[in-house]
Amino acid sequence: MPYPLSHIAVFASGTGTTLQTLIDQQTQCGYRIALVVTNRPCPSLQRAEQADIPTLLSTDWTDIDHALQQHHIQLVVLAGFLAIIPEWICTKWDKRIINIHPSLLPKHGGKGMYGIHVQEAVLAAGDTVAGCTVHYVSAAIDGGSIIAQAQVEVLPNDTPESLSARVQQQEKRLLPRTIAEIIQNS
Ligand code: GRF
């Protein structure tokens, strides 16, 4: 391994609460966030800057690919990144890009399934169990192979918001732990 801590990049477009969890746990989980990529101005950018992490705000995938190489990135983590990853990036970085999705894939994945829409779909389907999935990213949206999942019980009075809050708690436990395992096994 070229560095004592594996270099990862986090791609985030939103509030960045997942990014913050990854920042807070970086040393104990054996990785260093060497780059944060966003495709629009968002709080994730400020969180990265506050933690002195280099940032790139871009929608140009050639530039993004170049930055990943420049920063010697070994693993890319999508944490609320609201953009489709082009096929050539999926191929070039095969098995080196992971995503966290707030459902038990293959249920409730694919186009339009993001944010609160996912837990709305869980409740509409009458599921008794919800959860989150860490998976490799492929050209098929939410279709790459599954690495790890965590389950959450659906309660009788759940709203999409209450269920989403419990799923997000699990996401923030599952994601850093899964990154640590991937790094240990690489
Ligand atoms: C997470 O809940 C995750 O499921 C999804 O995007 C959300 C990120 O939210 N991929 P935040 O911007 O980290 O708060």
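Since we're looking at a predicted model, the values are computed, not measured.

Trainee: Even after reading the chapter, I still don't get the site of the ligand, so can you show me in this structure?
Mentor: Near the ligand the following residues occur: Gly14, Thr15, Gly16, Thr17, Thr18, Gly80, Ile100, Pro102, Gln168 and Glu171. One of the side-chain nitrogen or oxygen atoms of Thr17 is found 2.5 Å away from an oxygen atom of the ligand. Contact with the protein chains covers 83% of the free accessible surface of the ligand, which is 370 Å². With respect to the pocket detection grid, the ligand is positioned in the largest pocket. Of all elements in the fold, only α1 (17-24) and α6 (160-184) reach the threshold of two or more residues within the shell around the ligand.

Trainee: What is the right way to look at the sheet that holds strand β4 (residues 75-78) in this model?
Mentor: Backbone hydrogen bonds are what pair the strands of a sheet, in a parallel or an antiparallel way. The sheet built from 7 strands is open, its strands ordered β3-β2-β1-β4-β5-β6-β7 with mixed pairing. Each having just a single partner strand, β3 (55-57) and β7 (146-153) make up the two edges of the open sheet. Neighbour-to-neighbour, the strand axes of the sheet open up by a mean angle of 20°, direction not taken into account. Here strand β6 (residues 129-136) runs beside β7; their pairing, made up of 7 bridges, is antiparallel. Paired with Thr133 across the strands is Gln149, a residue of β7. In the packing of helix α2 (residues 43-50) onto the sheet, the strands contacted are β2 (31-38) and β3, and the crossing angle to β3 comes to about 160°. Each of β1 (6-11), β2, β3 and β4 is contacted by helix α3 (residues 61-70), which is oriented at about 155° to β1, the strand it contacts most.

Trainee: What's the story with the pattern of salt bridges in this structure? I'm lost.
Mentor: Side-chain pairing between opposite charges can occur once the charged atoms of the two side chains come close. Counted by the stated rule, this structure contains 3 salt bridges. Across the pair Asp158 and Arg166 runs a salt bridge, and its minimum N-O distance is 2.7 Å. Overall, the relative accessible area of 23% leaves Arg166 in the partly exposed class.

Each value, and the rule that gives it
- Residues numbered from 1 in each chain as written.
- Predicted model: local features only at pLDDT ≥ 70, side-chain atom pairs only at ≥ 80, totals over all residues.
- Heavy atoms only, no water.
- Near = heavy atom within 4 Å.
- Polar contact = N/O pair within 3.5 Å; in protein donor to acceptor, adjacent residues only side chain to side chain.
- Areas by Shrake-Rupley, 256 points an atom, 1.4 Å probe, with all protein chains shown as cover.
- 1 Å grid on protein atoms, 1.4 Å probe; cavity = no way out; pocket = protein on both sides within 12 Å on 5 of 7 lines; lining within 4 Å.
- Sits in = over half its atoms within 2 Å of the grid points.
- Helix = DSSP H or I, 4+ residues; strand = E, 2+ residues; numbered from the N terminus.
- Pairing = 2+ DSSP bridges.
- Axes fitted to C-alpha atoms, helices over the stretch in contact; angles between N-to-C directions.
- Contact = heavy atoms within 4.5 Å.
- Salt bridge = Lys/Arg side-chain N within 4 Å of Asp/Glu carboxyl O.
- Buried < 20%, exposed > 50% of the residue type's maximum accessible area, 1.4 Å probe, protein only.

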